[in-house]
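For reference, the chains in residue letters:
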Amino acid sequence: MKRYKTGISQPILPSEITPESVYRDRRRFMQAALSVAAIPMVGFPSLAGAAEYDIPADLPRYKGPLWLQQKLADAVRNNDFSTSEALAPYYDAITHNNFYEFGTDKRDPVRNAQGFVTDPWKVEISGEVAKPGSYNLEDILAPHALEDRVYRLRCVEAWSMVIPWLGFPLADLIKRFEPTSKAKYVQFTTLMDKDQMPGQRGFFGTIKWPYVEGLRMDEAMNPLTLMAVGLYGNALPPQNGAPLRLVVPWKYGFKSIKSIVRIHFSDTIPATSWNDIAPDEYGFYANVNPQVDHPRWSQATERRLPSSLLTPNIIDTLPFNGYADQVAHLYRGMDLTKWF
Ligand code: MTE
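Residues numbered from 1 in each chain as written. Predicted model: local features only at pLDDT ≥ 70, side-chain atom pairs only at ≥ 80, totals over all residues. Heavy atoms only, no water.

**Some words on the site of the ligand**
What counts here: Residues are counted as near a molecule or strand when any one of their heavy atoms sits within 4 Å of it. Think of a polar contact as two N or O atoms within 3.5 Å of one another; within protein, one of them needs to be a possible hydrogen donor and the other a possible acceptor, and neighboring residues in sequence only count if both atoms come from side chains. Areas reported as accessible are Shrake-Rupley estimates using a 1.4 Å probe. Residue values count occlusion only from the protein chains shown. Only protein atoms enter the 1 Å grid used here, on which a cavity is any set of points holding a 1.4 Å probe that cannot leave and a pocket is any open set flanked by protein within 12 Å on both sides along at least five of seven lines; residues with an atom within 4 Å of a point are listed as lining. In this description, a molecule resides in a pocket or cavity if more than half of its atoms sit within 2 Å of the grid points defining it.
In the region of the ligand, 17 residues are neighbours, and Y100, E101, T190, R245 and K258 sit closest. The contact in question runs from an oxygen atom of the ligand to an N or O atom on the backbone of Y100, over 2.8 Å. Protein chains bury 100% of the 530 Å² of accessible surface belonging to the ligand in isolation. Taking a 2 Å distance to the grid points as the criterion, the majority of the atoms of the ligand fall inside the largest cavity.

Written out as structure tokens, the structure is:
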């Protein structure tokens, strides 16, 4: 079995254990992390929708452009699609991240992404659709009302968080571009920008940048699949994939691609980054499955954040991350040990 020296292949990283002192002194940590650059996206006035979330005063709220702030403020909670489990503390959600474009350590994205320019932003729609083109994010979002949905996010590394996202169903977006009958799969691509993304410059040479992910069309059209533009009542922080990311809650977190610039429809299965790197470890489907272990660790349990050495908070992992009722039918008849 090949071994890859990547964060994603280590269930518990040393970096998650060592910075306890940093973690304890949160204010100092955030100041250090955020002092790297002038930060146009960060602001402290609260948005209307943010009041219900426990966001400590010493942590930044991310606002995004004016046109987005109004949409975020109008977002309504969709309880039908929300879990009532305890939310991850906001601090954990915005400082414990995987975003390899900004570095492989869990703390690298919050340290390195603060100057990331996410406005203006364009998304290219291409392939098997009647209405391809390059669209401004504002136009992409214009017809969609935002919903607030609380989802479980289960990383393949066996940690998980409960996060309140603001977004809208991917299905509603896809319909607008009128996919042809040949559109069997959809591929998403993250921004390629070596100047802004230090992780794309060298060193971590395993990923063939840009990061790509994909879904089968019926997965993309499932009502659970969300295009997110915010979390905890505010805009997405850059480290969480601003300004537009995917959230597919029944799949391992690596499918939930960040900072999307292209959505491409095809009749053949698209390339996906982690599957390209290690096809025997990361499948195209990547459905959360406690019965199919990663070749190097068990997937039967997960460490629900917040967790610490003394209180690891280990819980059982559920098939399809607890969303079996909504999605198990998509895989009827498939051998999930083969199509992992
Ligand atoms: N998207 C891009 N472009 N690059 C990445 O490295 N990491 C993925 C996913 N999306 C990743 C990405 C992984 S492994 C996980 S677990 C989630 O983002 C983490 O999302 P979060 O940092 O918002 O919790």
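**Thoughts on the environment of E52**
What counts here: Every helix listed is a DSSP run of H or I at least four residues long, and every strand listed is a run of E at least two residues long, numbered separately from the N terminus. For every residue, the accessible area obtained with a 1.4 Å probe (protein chains only) is divided by the maximum for its type, and the residue is called buried under 20%, exposed over 50%, and partly exposed between those limits. For this analysis, residues touch if any pair of their heavy atoms sits within 4.5 Å.
Here E52 lies in the loop between β1 (42-43) and β2 (61-62). The exposure class assigned to E52 is exposed, which follows from its relative accessible area of 54%. Leaving out residues up to four positions away in the same chain, E52 has contacts with R77 and D148.

**Section: the sheet that holds strand β9 (residues 212-216)**
In plain terms, the rule: Here the rule is simple: two strands pair whenever DSSP picks up at least two bridges between them. Lines are fitted to the C-alpha atoms to define the axes, a helix being fitted only along its stretch in contact, and any angle between axes, read from their N-to-C directions, falls within 0 to 180 degrees.
Strand order in the open sheet made by the five strands is β5-β4-β13-β8-β9, with mixed pairing throughout. Looking at strand neighbours, the two that pair on one side only are β5 (133-136) and β9, the edges of this open sheet. Averaged over all neighbouring strand pairs, the angle between strand axes comes to 20°, with direction disregarded. Sheet topology note: the strand β4 (residues 122-127)/strand β13 (residues 260-266) ladder contains four bridges and is parallel. Bridging from a neighbouring strand, S126 pairs with H264 of β13.

**A word on the pairing of β9**
The buried count for β9 comes to five of five residues, which makes it a mostly enclosed element. Across the two faces of β9 the burial is the same, with V212, G214 and R216 and E213 and L215 all buried. Sheet topology note: the strand β8 (residues 185-190)/β9 ladder contains five bridges and is antiparallel. Note that in β9 the partner of Y185 across the bridge is R216.

**Notes on empty space enclosed by the protein**
Operational definition: Grid points are joined across faces, edges and corners, and a volume is the space filled by probe spheres set on the points. When residues are sorted by character, Ala, Val, Leu, Ile, Met, Phe, Trp, Tyr, Cys and Pro go into the nonpolar class, Asp, Glu, Lys and Arg into the charged class, and all the rest, Gly among them, into the polar class.
Applying the stated rule across the entire model yields two cavities of 30 Å³ or more. Forming the boundary of the largest cavity are 24 residues, of which N98, R245, G253, S256 and K258 lie nearest the centre. If you tally residues by element for the lining of the largest cavity, the top one is strand β7 (residues 159-169), at four residues. Approximately 80 Å³ is the volume found for the second largest cavity. When its residues are assigned to classes, the lining of the second largest cavity shows eleven nonpolar, two polar and one charged.

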